[in-house]
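Each chain, written out:
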Amino acid sequence: MTITARSHGATDRGRVRAVNQDAILVAPPLFVVADGMGGHAAGEAASATTVETFQTYSGAAAVDAQTVLDTVAAANAEIIRRASLDPDIEGMGTTVVGLAITRAGTDDAVVIFNVGDSRAYLHRDGTLRQLTTDHSLVAELVQRGELDAFEAEDHPNRHIVTRALGMTPTVDVDIVSVAPLVGDRFLLCSDGLTREVAFEEIGIVLSTLPDPSAAVEELVARTHAAGAHDNVSVVVVEITAVSAEAVGKTLDVDTEPGAAGGTTAGPPG
Ligand code: MN
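Residues numbered from 1 in each chain as written. Predicted model: local features only at pLDDT ≥ 70, side-chain atom pairs only at ≥ 80, totals over all residues. Heavy atoms only, no water.

Participant: Lay out the coordination of the manganese ion with the relevant residues and their values.
Facilitator: Coordination of the manganese ion by the protein involves Asp-35 (OD), Asp-191 (OD) and Asp-230 (OD), with metal-donor separations of 2.1 to 2.2 Å. Taking the relative accessible area as the measure of exposure, Asp-230 reaches 10% and is therefore buried. (Donors = N, O, S within 2.8 Å, 3.2 Å for Na, K, Ca; no water. Buried < 20%, exposed > 50% of the residue type's maximum accessible area, 1.4 Å probe, protein only.)

Here it is as structure tokens:
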């Protein structure tokens, strides 16, 4: 390994929901947050299926970007297959956001992948930036200039996602490749965090807390203090060492929406 990281994750039911439909995987070199959708056991089944599919690669020394895309496609197919066998979980879907420390030849990179409205952020040199774009109705309206960010926060349709796993036989995956620096902190989270805790506050926690587990615990605590109306999942991956061959590349060298092929999923039914 030429990139070394330490990490911590937590998933929590929150204070309102009866069950936790989020699921996480913290299994270096892979980290995943999935936020399941669908009534009655369906959401849990979809997010759990996604994590199970990725678990296949836990403990591998390194994966490559194509493996990540293939695994997202495999999770999508498995959700559809299981849903077709059981009317109780028919129509289930899930978001997925993940981080993989990938290797192509001797080059390591941090690859972020995303479908839906869970998010990835990078905290570097005291500055927090969002790496992913939400696949949601309100995000699309904001992009088209029909809503501002403030209106989007309280929009009645803010929960509608426009891409998810389990909806269509193929799914578009957004991919961002990042050359990490020592001290970088990557955050993966479900919307249960970002709807409750402000962007600035998340930045302060990542700036000040000494290690990933302390940061994760503090973000979950602040979500609870704000009411925790949804399930909340938080994973923090901190880069502790980067060897020579991975240094010197620029941020965001590669963005390939649609790299997994296929059409965009519709809103979950
Ligand atoms: Mn959620």
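Participant: Requested: an account of the packing of aromatic side chains, with residues and values cited.
Facilitator: Note on aromatic pairs: each is described by the distance of the centres and the angle between the planes. The full count for this structure, using the stated rule, is two aromatic pairs. A ring pair is formed by Phe-54 and Phe-113, whose centres lie 5.4 Å apart and whose planes are at 15°; its orientation type is stacked. Of the two residues, Phe-54 is situated in helix H1 (residues 42–55) and Phe-113 in strand E6 (residues 107–115); the sequence distance between them amounts to 59 residues. Summarising the aromatic geometry, the rings of Tyr-121 and Phe-199 are spaced 6.1 Å apart at their centres and angled 50° between planes, so their arrangement reads as tilted. Placement of the pair is Tyr-121 in strand E7 (residues 119–124) and Phe-199 in helix H6 (residues 199–208), with a sequence separation of 78 residues. Residue classification places Phe-199 among the partly exposed positions, given a relative accessible area of 38%. (Phe/Tyr/Trp six-rings, centres within 6.5 Å; stacked < 30°, edge-to-face > 60°. Helix = DSSP H or I, 4+ residues; strand = E, 2+ residues; numbered from the N terminus.)

Participant: Which residues make up the nonpolar core, and what are the values?
Facilitator: Among the nonpolar cores identified, the biggest contains 27 residues, and Phe-54, Val-72, Phe-113 and Leu-165 are the most heavily contacted of them. Secondary-structure elements contributing two or more residues to this core are strand E2 (22–27), strand E3 (30–37), H1, helix H2 (65–85), strand E5 (96–104) and E6. Of all the elements, H2 adds the most residues to this core, at six residues. Of all hydrophobic cores here, the second largest spans 20 residues; its members include Leu-99, Leu-131, Val-178 and Val-242. (Core = buried A, V, L, I, M, F, W, Y, C linked by side-chain atoms within 4.5 Å.)

Participant: An account of H1 is requested, with residue identities and associated values reported.
Facilitator: For H1, spanning 14 residues, the distance from its first C-alpha to its last is 20 Å, which sits close to the expected 20 Å at 1.5 Å a residue. Listed in full, the buried residues belonging to H1 are Ala-42, Gly-43, Ala-46, Ser-47, Thr-49, Thr-50, Val-51, Thr-53 and Phe-54. Those residues of H1 hidden inside the fold are in contact with E2, E3, H2, strand E4 (93–94), E5 and E6. (Expected span 1.5 Å × (residues − 1). Contact = heavy atoms within 4.5 Å.)

Participant: Report on the environment of Tyr-121, specifying residues and quantitative values.
Facilitator: A residue is classified by how much of its surface remains accessible, and Tyr-121, at 3% relative accessible area, is buried. With 82 residues separating them in the primary sequence, Tyr-121 and Gly-203 have C-alpha atoms 9.6 Å apart. Excluding residues within four positions of it along the chain, Tyr-121 makes contact with Leu-128, Arg-129, Gln-130, Leu-131, Arg-185, Phe-186, Leu-187, Cys-189, Thr-194 and Phe-199.

Participant: Quick one: what's the story with the packing of H6 against helix H7 (residues 212–225), residue by residue and with numbers?
Facilitator: For any two helices packed against each other, the geometry comes down to the angle between their axes and how far apart the axes lie. Two elements in contact, H6 and H7, have axes whose closest approach is 9 Å; the angle formed by their N-to-C orientations is 150°. Relative to H7, H6 is oriented roughly antiparallel. Between H6 and H7 lies a crossing of right-handed hand. Of H7, the residues touching H6 (which contributes Glu-201, Ile-202, Val-205 and Leu-206) are Ala-215, Glu-218, Leu-219 and Arg-222. Here the residues of the contact of H6 with H7 sort into five nonpolar, no polar and three charged. (Axes fitted to C-alpha atoms, helices over the stretch in contact; angles between N-to-C directions. Parallel < 35°, antiparallel > 145°, perpendicular 65-115°, else oblique. Left-handed = near helix turned anticlockwise from the far one by under 90°. Nonpolar A, V, L, I, M, F, W, Y, C, P; charged D, E, K, R; others polar.)

Participant: Which residues make up the pattern of salt bridges, and what values do they have?
Facilitator: For the structure on display, the rule yields 15 salt bridges. Note that Arg-144 is salt-bridged to Glu-146, the shortest N-O span being 3.0 Å. For Asp-191, the salt bridge is made with Arg-195, and the minimal N-O distance between the two is 3.0 Å. Judged by its relative accessible area of 6%, Asp-191 falls in the buried class. Sharing partners across several salt bridges, the network here consists of Glu-52, Glu-78, Arg-81 and Arg-82. (Salt bridge = Lys/Arg side-chain N within 4 Å of Asp/Glu carboxyl O.)

Any functional reading would require information that these geometric values do not contain.
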